Amino acid sequence: MTLQEVRLCGLLLREHFGEVVEKVGKHLLRSGALNLRTIINETGLPLDLVKKCLCVLVQHGACVFSSGRKGPGSPTEYLTSCNRILRILRYPRYIYTAKTLYGDTGELIIEELLQRGHMTMSSTVKTVADRLTQNMEEGRSMEYSEVSSAFSNLVETHFLQRCPPQPGAGGKDKTTAAPTDNPATPAAPAKTTLQTAESFPDCYKVPHMTLSGRGKRQLSTEEGEDQRNAKKPRLDTATHGDEGIYWQVNYERFHLHFRDQAIISAVANKLDQTSSEIVRTMLRMSEVTTSPTAHCTKPLSSNEIFRSLPSSYNIARPILDQYLTLLVDDPMEFVGKAGESGGGMYVVNLHRALANLARATLESVVQERFGSRSARIFRLLLRKRHLEQKQVEDFAMIPAKEAKDMLYTLLSENLVQLQEIPKTPDYAPSRTFYLYTVNQLPTARMLLQNCHKTVANLIERRLFETKESKRLLEKSQRIEAILASLQASGAEPEQLQEVEEMITAPEKQQLDSLKLHINKLDSAENQVDETIFLLESYITGTASST
Amino acid sequence: MTEVKVKKETNVTDSTEVENRIKELCHQFPHGITDQVIQNDLPHLEPQQRAMAINKLLSLGQLDLLRNSSGLLYRMKDVQSAGKMKGSDNQEKLVYQVIEDAGNKGIWSRDIRFKSNLPLTEVNKILKNLESKKLIKAVKSVAASKKKVYMLYNLQPDRSVTGGAWYSDQDFESEFVEVLNQQCFKFLQSKAEAARDSKQSPMVQRNSSFATSHEVWKYICELGISKVDLSMDDIETILNTLIYDGKVEMTVVAAKEGTVGSVDGQMKLFRGVNPVLQPTGLVKTPCGLCPVFDDCQEGGEISPSNCIYMTEWLDF
């Protein structure tokens, strides 16, 4: 909960939910667990506003409540954590992954769930079907069952999970869990949950839903009717048999997927395509058998790997063995050998791979920021742990003056630390050894904080740019509205042209460049988020094992 | 052997003959003889006479007096060097001795003073004298550029003093190192590419992309870019810097003694590698490379809203 994290969370909350939620959220982040009355007093907001903010935060899982510390009678306390709010930064990546894995349907399901926080299956299916139908040609519409099957696929692979029942909400949830003996429904067998946070055993069980029909297209002429229909579906939900069962996106599963992708692309870069395919197969096979915090996957025999390889890669058995041996011998240690049975048992070393990737990230930061010679010194220190200044100069083959300069720069940026080893008890400088060293974990934490600050800077710059050109944007919006209404009411081309000319050419240029800037800033945020993900996974992985 | 017996019987006490005898014994045992040996050889000789003979030889400069763990040793002095010192007095001989003992590492003037117990002025005079006679020379040390070490004239200075192949006249040759760096890397890279294009089984591919340090050394020697002779150790230091650049990886394999390039039964193999990660996302933004990153605050002099680096980057 560093300063930069709180600042970034505040900006994200402001963008997505508004300033009031930002105020409440930031206050909760800074102060820890608070009860309602304290929040009202300290933020100075009226009661109903605070209540609404808390509802929003709870709906999105950013805030949890529990009974107070002083015992069951004391008021409930609300607690937010940074991690959940920082996930908002990663939403585009989740949606994109769903799109690559499950197509447009999956993408829209995930998008809806991310926007709403918690939703029942039936309402998700209906909304998504309507949206898909909207984009299709006239006369075609989306079947609810298609969307439901996509939904169940997502549940099967654990990308979606049920929200845990709130304490004191009653056993209603469990009783409405449908029997799985209906063959028509795509009910998945009850899976043992991988999430320790979700102690609810039916976490991934798709409920039986009596929902059939097609998506409705929303036309502008039917606005009046839709107003009445809008109320109806909400009443219909109760009859679909899955009320009270809310679903949320399972972030951890997405993170495991991202981590696997990072490892596979690293192997592809370092070795070749075939090796990365082998590693991909191994990771796919251990998706459900490995716990998220595991040090390495379960051992897989090379027979199994051979059988599970995609058929497009028909490599012979001995060649596969050679590839596996090469993977094991590689200094990066992505794959390790765990035994000899079944033709050789192989594991993917997850933590070590993450550590190597984090180390490569640190090295690339030093390289880009300070030059390749400083990067050489940095890598040298990473390898050899502790070195004196003279030894650094000798190993790195850099002239003494320059090496000294670079070492001091790195030291001032706190990327390199100094360890004193005294020869005499009085720490006299002439009689002490000074050794330079790099500690990977604290350096990674420092860089993570820098990443957070960078993203916050990018967001602020984006908001600034938008604010600067607010007048221009408003003007262009007005003109677009006028154009649309003129077109709808059937105007002549000259009138349209006149309206269009109200925006002058330099203004248009400015608008274009503004759009370009905002896109650039957005994509930069996503890129920094990738770094954040790597560093975070490394830190949580290492910190938990040490 | 018979000669010895004869000498015993005649009971010679002639001092020159004693000296000659001692000299012959020294020749017999070039490592040096102890007092015990002389006594065994000439048992009838009184210790006083023995001492006189030895002293005479020492003063003539024909015998060297050394001490080892069991006592004193007498060794034949090189005739040539004995001739050199003719005309020099004992002090000079002492200083010369001290410098000679320092071997090719050289010795600092203060250390000469300690070892010979002579005052500073005397030492300096003697050093100047010896230098003019071209018996010793001064070599500037690369570690401390003001320090001068003295060593015998015809000796090659040790690597630790001159810095070895990478230093020419006390200056570190960084361009030379850079050039060698590039050449080694290109050689390993082309080898790796050739192996990859050969499309054989992966094990063979990997093995053929390896190069031993001996091969690289031969390649560099044949290129002829170096005016100085480079040893295999020098090449290995260059290859190590490539490892620290992240461009090359190394493995050690056991090799038969006697295969060319093997050291102590192992061989080092080097191979060009690709980087494992593209430049990370953080450095693609101006903030990742910003020199005033820590001073940047919203509302301050330097802030995201008025950051000039960002403006440049956005208009790029």
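Remember, predicted model here, so these are calculated numbers, not experimental data. (Residues numbered from 1 in each chain as written. Chains lettered and ligands numbered in written order. Predicted model: local features only at pLDDT ≥ 70, side-chain atom pairs only at ≥ 80, totals over all residues. Heavy atoms only, no water.)

What to know about the confidence of the model for chain A
To keep it simple, the criterion reads: The predictor rates its confidence in each residue with pLDDT, a number between 0 and 100. Should any heavy atoms of two residues lie within 4.5 Å, those residues are considered in contact.
Considering every residue of chain A, the mean pLDDT works out to 80; 85% of them sit at 70 or more. Scored below 50 in pLDDT, residues 220-238 of chain A makes eight contacts in the model with residues more than four places away or belonging to other chains.

Quick look at the packing of aromatic side chains
Two measures describe an aromatic ring pair: the distance that separates the ring centres and the angle between the ring planes. Which entries qualify depends on this criterion: By convention, a stacked pair of Phe, Tyr or Trp rings (six-membered ring in the case of Trp) has centres within 6.5 Å and planes under 30 degrees apart, an edge-to-face pair has planes over 60 apart, and any other such pair is tilted. Under the DSSP-based scheme used, a helix requires at least four consecutive residues in state H or I and a strand at least two consecutive residues in state E, with every element numbered from the N terminus. Relative accessibility decides the category of a residue: with a 1.4 Å probe and only protein chains considered, values under 20% of the type maximum give buried, values over 50% give exposed, and everything between is partly exposed. Any Lys NZ or Arg CZ found within 6 Å of a ring centre and within 35 degrees of that ring's normal is scored as a charge over the ring.
Applying the stated criterion across every chain yields a total of eleven aromatic pairs over all chains. Here Phe254(A) and Phe258(A) contribute two aromatic rings whose centre-to-centre distance is 6.4 Å and whose plane-to-plane angle is 40°, an arrangement assigned as tilted. Here Phe258(A) and Phe254(A) lie together in helix H11 (residues 251-270), a separation of four residues that amounts to about one turn. Like Phe258(A), Phe254(A) is buried. Geometrically, the ring pair formed by Phe258(A) and Phe533(A) is edge-to-face, given 5.7 Å between the ring centres and 90° between the ring planes. Residue Phe258(A) is found in helix H11, and its partner Phe533(A) is found in helix H22 (residues 505-545); the two are separated by 275 residues along the sequence. Accessibility expressed as a relative area gives 1% for Phe258(A), which makes it buried. Here a set of aromatic residues connected by ring pairs shows up, and it is made of Tyr91(A), Tyr94(A), Tyr102(A), Phe159(A), Tyr251(A), Phe254(A), Phe258(A) and Phe533(A). The residue whose ring lies beneath Arg253(A) is Phe159(A), and the NZ or CZ to ring-centre distance is 4.6 Å. In this arrangement the basic side chain of Lys247(B) is found over the ring face of Phe185(B), its NZ or CZ atom lying 5.0 Å from the centre.

Structural notes on the interface of chain A and chain B
Worth spelling out the cut-off: Once two parts are joined, some of their accessible surface, as seen by a 1.4 Å probe, is lost; buried area is that loss totalled over both. Whenever Lys or Arg places a side-chain nitrogen within 4 Å of a carboxyl oxygen from Asp or Glu, that contact is recorded as a salt bridge.
With 53 residues of chain A at the contact, the number on the chain B side is 50 residues. When chain A packs against chain B, the two sides together hide about 4600 Å² of surface, and 62% of this comes from carbon and sulfur. Considering only the surface of chain A that becomes buried against chain B, Arg376(A), Met397(A) and Arg461(A) emerge as the three largest contributors, covering 16% of it. At the boundary of chain A and chain B, one finds three salt bridges.

Considerations on the sheet that holds strand E6 (residues 246-249) of chain A
Residue and element names in this part refer to chain A. Applied cut-off: One requirement defines pairing of two strands: DSSP has to find at least two bridges between them. Interaxial angle, 0 to 180 degrees, is taken between N-to-C directions of lines fitted to C-alpha atoms, where a helix line uses only the stretch in contact.
Strand order in the open sheet made by the three strands is E4-E6-E5, with antiparallel pairing throughout. Because the sheet does not close on itself, it has two edges, and the strands there are strand E4 (119-120) and strand E5 (160-162). As paired elements, E4 and E6 share two bridges and run antiparallel to each other. Directly across from Thr120, in E6, lies its bridge partner Tyr246. Sheet strands touched by helix H6 (residues 91-116): E4, E5 and E6. Its angle to E6, the strand with the most contacts, is close to 100°.

Let's talk about empty space enclosed by the protein
We apply this condition: Buried and open spaces are told apart on a 1 Å grid over the protein atoms alone, a cavity being a set of points where a 1.4 Å probe fits but cannot get out and a pocket being an open set with protein on both sides within 12 Å along at least five of seven lines. Residues with an atom within 4 Å of a point are the lining residues. Grid points are joined across faces, edges and corners, and a volume is the space filled by probe spheres set on the points. Just so you know the grouping, Ala, Val, Leu, Ile, Met, Phe, Trp, Tyr, Cys and Pro go in nonpolar, Asp, Glu, Lys and Arg go in charged, and all remaining residues, Gly too, go in polar.
This structure, assessed with the given rule, holds ten cavities of 30 Å³ or more. Taken as a whole, the largest cavity encloses approximately 340 Å³ of empty space. As for the largest cavity, its lining consists of 19 residues, and the residues nearest its centre are Lys270(A), Leu271(A), Arg196(B), Gln205(B) and Arg271(B). Class assignment of the residues belonging to the lining of the largest cavity gives a composition of seven nonpolar, five polar and seven charged. Arg253(A), Leu256(A), Arg259(A), Asp260(A), Leu283(A), Ser286(A), Glu287(A), Thr290(A), Ser291(A), Pro292(A), Thr297(A) and Leu350(A) are the residues that line the second largest cavity. Ranked by the residues each element gives to the lining of the second largest cavity, the list is headed by H11(A), at four residues. By residue class, the composition of the lining of the second largest cavity is four nonpolar, four polar and four charged.

Points about unusual backbone geometry
Residue and element names in this part refer to chain A. We note that His158 has phi near 70°; this positive angle belongs to a residue other than glycine. As for its position among the elements, His158 is in the loop between helix H8 (144-156) and E5. Here His158 falls in the buried class, since its relative accessible area comes to 4%. In this structure, Met397 takes a positive phi of about 55° despite not being glycine. Along the chain, Met397 falls in the loop between helix H17 (389-396) and helix H18 (400-412). Note on Met397: relative accessible area 5%, which makes it buried.

Here's the deal with the environment of Asn117(B)
Inspection of the secondary structure assignment puts Asn117(B) in the loop between helix H7 (109-116) and helix H8 (120-132). Distance from Asn117(B) to Val95(B), taken between C-alpha atoms, is 9.9 Å for residues 22 residues apart in sequence.

Here's the deal with the pattern of salt bridges
In a structure, side chains of opposite charge can pair up when their charged atoms sit close to one another. Counting across every chain of the model gives 34 salt bridges over all chains. In this structure, Arg271(B) and Glu249(B) form a salt bridge, with 2.9 Å as the shortest nitrogen-oxygen distance. With a gap of 22 residues between them, Arg271(B) in strand E11 (residues 266-272) and Glu249(B) in strand E10 (residues 248-254) connect regions that are remote in the sequence. Residue class for Arg271(B) comes out buried when judged on its relative accessible area of 12%. Through salt bridges with shared partners, a single ionic network connects Arg87(A), Arg90(A), Asp529(A) and Glu536(A).

Some words on the nonpolar core
Residues and elements named next belong to chain A. Here is the rule we go by: Nonpolar cores are built from buried Ala, Val, Leu, Ile, Met, Phe, Trp, Tyr and Cys residues. Side-chain atoms within 4.5 Å join them into one set.
Ranked by size, the top nonpolar core spans 104 residues in total, and within it Ile109, Leu160 and Leu381 carry the most contacts. Apart from the residues lying within four places of it in its own chain, the contact partners of Leu381 are Leu387, Val392, Leu407, Val416, Tyr436, Thr437 and Val438. Residues Ile263, Leu300, Leu320 and Ala353 belong to the second largest nonpolar core, which totals 29 residues.

Overview of the environment of Trp108(B)
Residue and element names in this part refer to chain B. Counting through the fold element by element, Trp108 comes out in strand E4 (residues 107-108). Since its relative accessible area comes to 30%, Trp108 is described here as partly exposed. Considering only alpha carbons, one finds Trp108 and Lys147, 39 residues apart in sequence, at a separation of 7.6 Å.

Some thoughts on the sheet that holds strand E8 (residues 335-339) of chain A
All names here are of chain A. Taken together, the three strands give an open sheet; going across it, the order is E7-E9-E8, and neighbouring strands pair in antiparallel fashion. Of all the strands in the sheet, just strand E7 (300-301) and E8 have a single pairing partner and so form its edges. Strand contacts of helix H14 (residues 317-329): E8 and strand E9 (345-348), with the helix running at about 110° to E8, the strand carrying the most contacts.

As for the packing of helix H15 (residues 350-370) of chain A against helix H16 (residues 372-384) of chain A
All names here are of chain A. Definition in use: For classification purposes, angles smaller than 35 degrees are called roughly parallel, those larger than 145 roughly antiparallel, those between 65 and 115 roughly perpendicular, and all remaining angles oblique. It is the rotation of the near helix from the far one that decides the hand of a crossing: anticlockwise by less than a right angle makes it left-handed, clockwise makes it right-handed.
It is the contact of H15 with H16, at a shortest axis distance of 7 Å, that shows an interaxial angle of 150°. When the interaxial angle is binned, H15 and H16 end up roughly antiparallel. As H15 runs across H16, the sense of the crossing is right-handed. Where H15 abuts H16, its residues Arg359, Leu362, Glu363, Val366, Gln367 and Phe370 lie against Ser372, Ser374, Ala375, Phe378, Arg379 and Leu382. Among the residues forming the contact of H15 with H16, the class breakdown is six nonpolar, three polar and three charged.

Structural notes on the packing of helix H12 (residues 213-223) of chain B against helix H13 (residues 232-244) of chain B
What describes two packed helices is the angle between their axes and the distance between those same axes. Residues and elements named next belong to chain B. Relative orientation of the contacting elements H12 and H13 amounts to 105°, with a least axis distance of 9 Å. Comparing the axis directions of H12 and H13 gives the class roughly perpendicular. Of the residues in H13, those in contact with Ser213, His214, Val216, Trp217 and Ile220 of H12 are Met232, Ile235, Glu236 and Leu239. Class assignment of the residues belonging to the contact of H12 with H13 gives a composition of six nonpolar, two polar and one charged.

Re the state of the cysteines
Put simply, the rule is: Two cysteine sulfurs form what is called a disulfide whenever their separation falls within 2.5 Å.
Tallied over the entire structure, the rule returns zero disulfides over all chains. Here Cys53(A) is not disulfide-linked; the sulfur of Cys55(A) is the nearest cysteine sulfur, at 9.2 Å. Take Cys53(A): its relative accessible area is 4%, and that puts it in the buried class. The thiol of Cys184(B) is not disulfide-bonded; the next cysteine sulfur, from Cys221(B), is found 10 Å away.

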